[in-house]
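Structural features, examined
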Amino acid sequence: MRYEGPIYRPPSEANSLLIQATAGCPHNKCTFCMIYKNGPQFKIRKTPEIKEDILEAREVYGEHVRTLFFPAGNTIAMKTDDLCEICRFSREVFPHLERITVYGSSQFIHKKGPEDLRRLAQAGLTRIHAGLESGDDVVLKRIRKGTDSLQQIQAGKWVMEAGMELSMYVILGIGGKDRTRPHALESAKVLNQIEPDFIRLRTFVPKVGTPLLKELQNNEFQMLGPHEVLEEIALLITNLHGDSYLASDHYTNYINLEGKLHKEKTRFLEQINAAMEKDESSFRAFFIGTA
Ligand code: SF4
């Protein structure tokens, strides 16, 4: 198997076979994201090459691969025909596959439209990881996400209607101190309309080489402290009315919340209240990681 550039995958794909179909990100402008700031430029690999890697993986791992993830930013931006072809081929080569997943930002999902999304679902694509980041249009514009709340709602609904699973990511604290309330409230509104299968929380941590780190250094962005992040989660969760599975499955988070919203909402809020009692110095270091 051949790989190019950073190979980035969410923790939920830790046990998945990783086959690279694209490299880089066709957007590459989000101010908080460091992944492809030093390249490579977005490119789509040739379908025969991708198939060679799938066959090689079968040689190495045998036929009992259950989950497959095509990493790199926005593999959904591949031509629908090509993505369908590699999904179908993967299912032939690995007959026990239960899940095939890609990353897809809302603007690229939206470009596909409902018909292409249905075709992808029929070809065996089963889950899309999409960075909502925020439902607040002011924040989305500031972080240069390249989409807005309306487009995110429409794209998200289309994925669900096509019969695929949707995993949406919210970045806690990405609105800074001045947008923490609208960020939580507008994100809840968007998520309530989509009701994705999964809502996954990440807490904003500034990364080396990103425009948002510069904004922070220039005092143009004020980061939330641990208690403020916890208040933001409480506001978000209080205003979520769907039954998505909530997961804070990431090292950046101050608290571990895991479960279905309907059943666990009260417990989540109790857990947050208990965490609020703790001194801020007992949480993880404010700045973590190196990139
Ligand atoms: S769309 Fe995703 S990979 Fe691309 S710049 Fe934004 S966060 Fe990074």
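Residues numbered from 1 in each chain as written. Predicted model: local features only at pLDDT ≥ 70, side-chain atom pairs only at ≥ 80, totals over all residues. Heavy atoms only, no water.

Some thoughts on empty space enclosed by the protein
If a probe as big as a water molecule is rolled over the atoms, it shows which places are left empty. All told, the structure shown has 1 cavity of 30 Å³ or more when counted by the stated rule. Roughly 50 Å³ of volume is contained in the largest cavity. In terms of lining, the largest cavity is formed by Leu-172, Gly-173, Thr-203, Phe-204, Met-223, Leu-224, Val-229, Tyr-254, Arg-284 and Phe-286. Taken together, the residues of the lining of the largest cavity sort by class into 7 nonpolar, 2 polar and 1 charged. (1 Å grid on protein atoms, 1.4 Å probe; cavity = no way out; pocket = protein on both sides within 12 Å on 5 of 7 lines; lining within 4 Å. Points joined across faces, edges and corners; volume = space filled by probe spheres on them. Nonpolar A, V, L, I, M, F, W, Y, C, P; charged D, E, K, R; others polar.)

Description of the nonpolar core
Core analysis: the biggest nonpolar cluster contains 65 residues, and Phe-70, Ile-76, Leu-83, Leu-117, Leu-125, Ile-128 and Ile-233 have the highest contact counts within it. When residues of this core are assigned to their parent elements, the largest contribution, 7 residues, is made by helix H8 (residues 226-238). Setting aside chain neighbours within four positions, we find Leu-125 in contact with Ile-76, Leu-83, Cys-87, Ile-100, Thr-101, Val-102, Leu-120 and Met-164. Membership of the second largest hydrophobic core comes to 17 residues, among which are Cys-30, Val-139, Ile-174 and Met-223. (Core = buried A, V, L, I, M, F, W, Y, C linked by side-chain atoms within 4.5 Å. Buried < 20%, exposed > 50% of the residue type's maximum accessible area, 1.4 Å probe, protein only. Helix = DSSP H or I, 4+ residues; strand = E, 2+ residues; numbered from the N terminus. Contact = heavy atoms within 4.5 Å.)

Comments concerning the layout of surface pockets
Its volume calculated, the largest pocket comes out at about 810 Å³. Tyr-8, Phe-32, Cys-33, Ile-35 and Glu-133 are, among the 37 residues lining the largest pocket, the residues nearest its centre. At the level of elements, strand S6 (127-133), strand S7 (165-172) and strand S8 (198-203) are the ones that each hand at least two residues to the lining of the largest pocket. When residues of the lining of the largest pocket are assigned to their parent elements, the largest contribution, 4 residues, is made by S6. When the residues that make up the lining of the largest pocket are grouped by side-chain class, the tally is 19 nonpolar, 11 polar and 7 charged.

Comments concerning the packing of H8 against helix H9 (residues 261-276)
Between H8 and H9, whose axes approach to 10 Å, the crossing angle comes to 160°. In terms of orientation, H8 lies roughly antiparallel with respect to H9. As for how H8 packs across H9, the hand of that crossing is left-handed. Residues His-227, Leu-230, Glu-231, Ile-233, Ala-234, Ile-237 and Thr-238 of H8 form the contact with H9, whose own contacting residues are Leu-261, Lys-265, Phe-268, Leu-269, Ile-272, Ala-275 and Met-276. A breakdown of the residues in the contact of H8 with H9 according to their chemical character gives 10 nonpolar, 2 polar and 2 charged. (Axes fitted to C-alpha atoms, helices over the stretch in contact; angles between N-to-C directions. Parallel < 35°, antiparallel > 145°, perpendicular 65-115°, else oblique. Left-handed = near helix turned anticlockwise from the far one by under 90°.)

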